[in-house]
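Structural overview
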Amino acid sequence: WIGNITAFEPKISREVNGEDVLEFTCLEPVEKKYRLLFRNKRGWQEYIIADYVKKKDRHGVFYDVVAENSFYETLGDPVQEVRVNNGTATTALEQVLEQSRWTTGIIEDFGLGTVEITDSNVKEAVQGHILNAWQCEFQTRIEVTGNYISGRYVALLQPIRQDTGKRFVYNKDMWEIEKEVGSEDVVTALFGYGKGED
């Protein structure tokens, strides 16, 4: 526990089964990989600082911060092989999360499905393979006891939104597009694979 941060102009960009990024400005000094916990109407939320810019003007020093949902940490958790043939989403999710500090939360009934995941990571295995195989939506939930995180859960839910197929066209449906490219993540461990059999 380092302390409290006062966030100015916080903005969460959340996409169904995709990006979940928090941006804000603060006066307190921060560092990359700091974990941020706050509570909103969805319950406890945990984000990890991915990037920040330290700025100074006539009023003093401040920080523009970009943080990602803490599930992004599972990009570093390898999934070497998971095969579920005509099984449940629960079975697949339990196997994928086995090597991470996350566990299964609420999982609704999606029937039986088949998925084959090799040489992947937990985030890609969940948000790519499992969500596609069982056509579901994904949510994370954090449980806090006192000043400590006592649980991190992944839920698989029935889709509540509908894909209408609508395309947004510049100058017709939108007036501005912004693309921001952050600094690359630092990789400190690699898995080497040689030629092998399926």
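Keep in mind it's a predicted model, so treat the numbers as computed, not measured.

Parameters and conventions
- Within each chain, residue numbers correspond to sequence positions counted from 1 in written order.
- Selection of residues for local features in this predicted model requires a pLDDT of at least 70, selection of side-chain atom pairs for listing and counting requires 80 or more, and totals for whole chains, interfaces and linings are taken over all residues.
- For side-chain calculations, the full set of non-hydrogen atoms in the structure is used, while hydrogens and water are omitted.
- Note: two strands are recorded as paired if DSSP finds a minimum of 2 bridges between them.
- By the criteria applied, helices consist of DSSP H or I runs no shorter than four residues and strands consist of E runs no shorter than two, each listed in order from the N terminus.
- Known as pLDDT, the predictor's per-residue confidence is scaled from 0 to 100.
- For helices, the axis comes from a line fit to the C-alpha atoms of the stretch in contact; other axes are also lines fit to C-alpha atoms, and the angle between any two N-to-C directions lies between 0 and 180 degrees.
- Note on terminology: angles under 35 degrees are roughly parallel, angles over 145 are roughly antiparallel, angles of 65 to 115 are roughly perpendicular, and the others are oblique.
- Throughout, a contact is declared for two residues whenever any of their heavy atoms are within 4.5 Å.
- Residues are sorted three ways: Asp, Glu, Lys and Arg are charged, Ala, Val, Leu, Ile, Met, Phe, Trp, Tyr, Cys and Pro are nonpolar, and all the rest, Gly among them, are polar.
- For each residue, the accessible area found with a 1.4 Å probe, counting protein chains only, is set against the maximum for its type, and the residue is called buried under 20%, exposed over 50%, and partly exposed in between.
- By definition, the arc is the one covered by directions from the helix axis to the C-beta atoms.
- Each aromatic pair joins two rings of Phe, Tyr and Trp (for Trp, the six-membered one) with centres within 6.5 Å, and gets the label stacked for planes under 30 degrees apart, edge-to-face for over 60, and tilted for any other angle.
- Whether a charge sits over a ring comes down to the Lys NZ or Arg CZ being within 6 Å of the ring centre and within 35 degrees of the ring normal.
- Residues belong to a common nonpolar core when they are buried Ala, Val, Leu, Ile, Met, Phe, Trp, Tyr or Cys residues joined through side-chain atoms within 4.5 Å.

1. A look at the pairing of strand 9 (residues 137–145)
- Across nine bridges, strand 9 lies against strand 10 (residues 148–157) in antiparallel orientation. Bridging from a neighbouring strand, R141 pairs with Y153 of strand 10.
- Where strand 9 folds back on strand 10, the antiparallel hairpin that results is connected by two residues, among which G146 adopts a positive phi of roughly 65°.

2. Here we look at the confidence of the model for the protein
- Here the protein averages 86 in pLDDT, while 84% of its residues score no lower than 70.
- Mean pLDDT values for the elements of the protein range from 88 in strand 1 (residues 8–14) up to 95 in helix 1 (residues 89–97).

3. Section: the packing of helix 1 against helix 2 (residues 122–134)
- Here helix 1 crosses helix 2 at 170°, and the two axes come no closer than 10 Å. Between helix 1 and helix 2, the angle falls in the class roughly antiparallel. Contact with helix 1, carried on its side by A89, A92, L93, V96 and L97, involves V122, A125, V126, I130 and W134 of helix 2 and no other residues of that element.
- Each residue belonging to the contact of helix 1 with helix 2 can be placed in one class, and the counts come to 10 nonpolar, no polar and no charged.

4. What about helix 1?
- When we look at burial in helix 1, the residues that qualify are A89, A92, L93, V96 and L97. In a view along the axis of helix 1, the buried residues occupy a sector of 120°, so they form one face of it.

5. Looking at the environment of E137
- Relative to the assigned elements, E137 resides in strand 9.
- Overall, the relative accessible area of 8% leaves E137 in the buried class.
- In this structure, the C-alpha to C-alpha distance between E137 and Q127, residues 10 residues apart in sequence, is 8.9 Å.

6. Regarding the packing of aromatic side chains
- Inspection of every chain in the model, using the stated rule, returns four aromatic pairs.
- With 5.8 Å between their ring centres and 15° between their planes, F38 and Y47 make a pair best called stacked.
- Among the aromatic side chains, those forming a connected cluster through ring pairs are F71, W102 and F138.
- A cation sits over an aromatic face here: K123 above Y72, 4.5 Å from the ring centre.

7. What to know about the nonpolar core
- The biggest cluster of nonpolar side chains holds 25 residues, and the ones touching the most others in it are V96, V126, W134 and L156.
- For this core, the secondary structure elements donating two or more residues are strand 6 (78–87), helix 1, strand 8 (113–121), helix 2, strand 9 and strand 10.
- It is helix 2 that contributes the most residues to this core, six residues altogether.
- Excluding anything up to four places from it in sequence, V126 contacts F71, L93, V96, L97, L131, F138 and V154.
- Grouped together as the second largest cluster of nonpolar side chains are 10 residues, C26, V30, L36 and Y47 included.

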